[in-house]
Amino acid sequence: MIEPSILKGFKDSLPKEEIAKKNIQRTLEDVFSSYGFVPIDTPVLEYENILLGKGGGETDKQIFHFEDNGKRKVAMRFDLTVPFARFLALHFSELAIPFKRYHIAKAFRGENPQKGRYREFIQCDFDIVGADNASSDFEILSLMNSSFSALGINGYTFCLAHRGLFNEFLSSLMLSDKATDILRSVDKMRKIGKEKVKQELEEITGSGEKTDKIISYISANENRSFTQTLDYISSLIGEKTESYERMMSIYSLLDKAGIKEHFVYDPSITRGLDYYTGIVYETFLSGIESIGSVCSGGRYNNLVSLYSKENLPGVGASIGLDRLVAALSEIGSPLVSNTSSADIVVFPKPGEEEKAQIAASELRSLGLRTDVYLRPEKKMKAQFEYAEKNSIPYALTFTEEGYALKNLATRESKSTLSLREVKELCL
């Protein structure tokens, strides 16, 4: 016999986990559609040169790539954004621009597995391509807020920053040539802490004075509001730049939309991927910040130009579904705790199989998700175990007078019911 085993960083998804994921996906798809976003899909496999070098040095180390049977160098997508850029280059003439898409699919990275983080994972991406203005940046932020509100999450914070502002600040310190290394170091602050980041920055810059100024910049939001942080940053740069004005316009839109309380300006947010050029963001849930960001993204104005001559600036975000499921499990969200496979199960006795299927059809037409137990010869203990494992709350049986309904949690029963009465009791 072959011993059943699974690769490190990969996992099977049992029905309760998969139901939770589907609950979240359906909720998000409804929100995305309400903003006029449309679904797309792209292949898991791409040519190696499409993916390598697009996310940065660390990401390249995590890409699964190999030679296929045709001796072609191929790779598995590490996110959904880079394949999207390739998709745009191929299908530009077929799309309405600005193009608003969402894509819920698996991606793969060979990183160290941890809680809520696997080598195979589901991302829920939503992007706007073909517009570079405060309104498109705001729309993605608004969609993020609507998504988390629809998921029933109360405590969430969107931490925003702007790559352009950071680059302008580094330019004022004559550190533009070291910007990539500095950004990647700052991006690790939540993982390794401010002191270790400071040590890394001193090695990169070779200057304690410049390092102190960078630390002052990335800590600018401490005891400062959103706009106060932006004003302080502009004072460090020495002028109010176009990037500053963009962020102020975005804040004004957040304010007028009545959702500004969920957004903070956090200059330590840089995002590790190289393709970001403007606003960037990460999302943390109150009380479980240690699980990491559950929704991240930003503006990428040059990524599509790697594959096309068309000028297609983009902005988008990605929700990590597996990490979000882990987070919602910790806060007890009904989206992940209510994982019943059906609202009711019909338990027929031997000889009642036809009656069971007819009753189930009628219950489904009344709006109840209805299961039929297909082994009527089994004892009631086995039938109850079936319902319990599937988290089904009610069971229907037949009596001479009609139908009987049992609440499987309380074991309370009611008999002589019509199917409409069964429906009312189950809702």
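That block above? That's the structure.
Residues numbered from 1 in each chain as written. Predicted model: local features only at pLDDT ≥ 70, side-chain atom pairs only at ≥ 80, totals over all residues. Heavy atoms only, no water.

(A) Fine view of the overall build of the chain. In terms of helices and strands, the chain carries 17 helices and 16 strands. C-alpha atoms of the chain, sized along the principal axes, occupy 90 × 55 × 45 Å. Taken over 427 residues, the chain has a buried fraction of 50%. Taking the average location of the 54 positive side-chain charges in the chain and that of its 60 negative ones, the two points are 3 Å from each other. (Helix = DSSP H or I, 4+ residues; strand = E, 2+ residues; numbered from the N terminus. Buried < 20%, exposed > 50% of the residue type's maximum accessible area, 1.4 Å probe, protein only. Lys, Arg positive; Asp, Glu negative; His and termini not counted. Charge placed at Lys NZ, Arg CZ, Asp CG, Glu CD.)

(B) The pattern of salt bridges, seen in detail. This model, assessed by the stated rule, comprises 22 salt bridges. The partner of lysine 106 in a salt bridge is glutamate 120, and the shortest N-O contact between them spans 3.6 Å. With a gap of 14 residues between them, lysine 106 in strand E5 (residues 99–108) and glutamate 120 in strand E6 (residues 120–129) connect regions that are remote in the sequence. When the shortest N-O distance is used, the salt bridge between glutamate 282 and arginine 271 registers 3.1 Å. Placement of glutamate 282 in strand E9 (residues 279–285) and of arginine 271 in the loop between strand E8 (263–265) and E9 is noted, with a sequence separation of 11 residues between them. Here glutamate 282 falls in the buried class, since its relative accessible area comes to 10%. Connected through salt bridges with shared partners, the residues Asp132, Asp137, Arg246 and Arg299 form a single ionic network. (Salt bridge = Lys/Arg side-chain N within 4 Å of Asp/Glu carboxyl O.)

(C) Region of interest: unusual backbone geometry. Each neighbour pair has its own omega, and for isoleucine 97 with proline 98 the value is 0°, a cis peptide bond. In this structure, proline 98 sits in the loop between helix H4 (81–91) and E5.

(D) Region of interest: the packing of helix H6 (residues 163–172) against helix H12 (residues 242–256). The interhelical angle for the contact between H6 and H12, taken along N-to-C directions, is 150°, at an axis separation of 8 Å. It follows from the interaxial angle that H6 and H12 lie roughly antiparallel. Considering only the axes of H6 and H12, their crossing is left-handed. Contacts from Gly164, Leu165 and Glu168 in H6 reach Ser243, Tyr244 and Met247 in H12. Its residues placed into classes, the contact of H6 with H12 shows 3 nonpolar, 2 polar and 1 charged. (Axes fitted to C-alpha atoms, helices over the stretch in contact; angles between N-to-C directions. Parallel < 35°, antiparallel > 145°, perpendicular 65-115°, else oblique. Left-handed = near helix turned anticlockwise from the far one by under 90°. Contact = heavy atoms within 4.5 Å. Nonpolar A, V, L, I, M, F, W, Y, C, P; charged D, E, K, R; others polar.)

(E) Layout of the packing of aromatic side chains. Applying the stated criterion to the full structure yields 20 aromatic pairs. Summarising the aromatic geometry, the rings of phenylalanine 32 and phenylalanine 126 are spaced 4.9 Å apart at their centres and angled 35° between planes, so their arrangement reads as tilted. Note that phenylalanine 32 is positioned in helix H1 (residues 15–34) and phenylalanine 126 in strand E6, a separation of 94 residues in sequence. By the burial criterion, phenylalanine 32 is buried, and phenylalanine 126 matches it. Taken together, the ring pairs in this structure connect Phe148, Tyr156, Phe158 and Phe263 into an aromatic cluster. (Phe/Tyr/Trp six-rings, centres within 6.5 Å; stacked < 30°, edge-to-face > 60°.)

(F) Here's a closer look at helix H11 (residues 226–237). Between the first and last C-alpha of H11 there are 17 Å, a value that for 12 residues agrees with the 16 Å anticipated at 1.5 Å per step. Residues of H11 that are buried make contact with strand E7 (156–162), H6, helix H10 (208–218), H12 and E8. Residue glycine 238 follows H11 closely and has a positive phi angle near 105°. (Expected span 1.5 Å × (residues − 1).)

(G) Quick look at the pairing of strand E11 (residues 314–320). Taking burial as the measure, the 7 residues of E11 include 6 buried ones, the bulk of the element. The pairing of E6 with E11 spans 7 bridges and is classified as antiparallel. The residue bridging valine 129 from the neighbouring strand is glycine 314, located in E11. (Pairing = 2+ DSSP bridges.)

(H) Representation of the sheet that holds strand E1 (residues 38–39) within the structure. Read across the open sheet, the 8 strands follow the order E1-E5-E6-E11-E10-E9-E7-E8; overall the sheet is mixed. At either end of the open sheet lies a strand with only one pairing partner, and these are E1 and E8. Sheet analysis places strand E10 (residues 295–300) next to E11, joined by 6 bridges and oriented antiparallel. Within the sheet, the bridge partner assigned to tyrosine 300 lies in E11 and is glycine 314. Contacting E7, E8, E9 and E10, H12 crosses the sheet at an angle of about 155° to E7.

(I) Spatial organisation of the environment of histidine 162. Among the structural elements, histidine 162 can be located in strand E7. Note: C-alpha distance between histidine 162 and threonine 277 (115 residues apart in sequence) is 8.0 Å. With sequence-adjacent residues up to four places away left out, histidine 162 is seen in contact with Tyr217, Ser243, Arg246, Met247, Tyr265, Thr277, Gly278, Ile279 and Val280.

(J) Spotlight on H12. Between its first and last C-alpha atoms H12 spans 21 Å; for 15 residues at 1.5 Å apiece the expected length is 21 Å, and the two agree. Listed as buried for H12 are Ser243, Tyr244, Arg246, Met247, Ile250, Tyr251 and Leu254. Buried residues along H12 cover an arc of 160° about the axis, so they all sit on one side. Facing away from the buried surface of H12 by more than 90 degrees, the exposed residues are Glu242 and Lys256. (Arc of directions from axis to C-beta.)

(K) Layout of the pairing of strand E15 (residues 403–407). Here 5 bridges tie strand E14 (residues 394–398) to E15, and the two strands are oriented antiparallel to one another. Of the residues in E15, the one forming a bridge with tyrosine 394 is asparagine 407. Linking E14 back to E15 in an antiparallel pair, the connection comprises 4 residues, with glycine 402 at a positive phi of about 155°. Counted along the chain from E15 to the antiparallel partner strand E16 (residues 413–417), the turn is 5 residues long, and its residue arginine 411 has a positive phi close to 65°.

(L) A look at the environment of isoleucine 97. By the element assignment, isoleucine 97 lies in the loop between H4 and E5. Between the C-alpha atoms of isoleucine 97 and leucine 321, which are 224 residues apart in sequence, the distance is 28 Å. Once you skip the residues sitting within four places of it in the chain, isoleucine 97 turns out to touch Phe92, Val129, Gly130 and Leu312.

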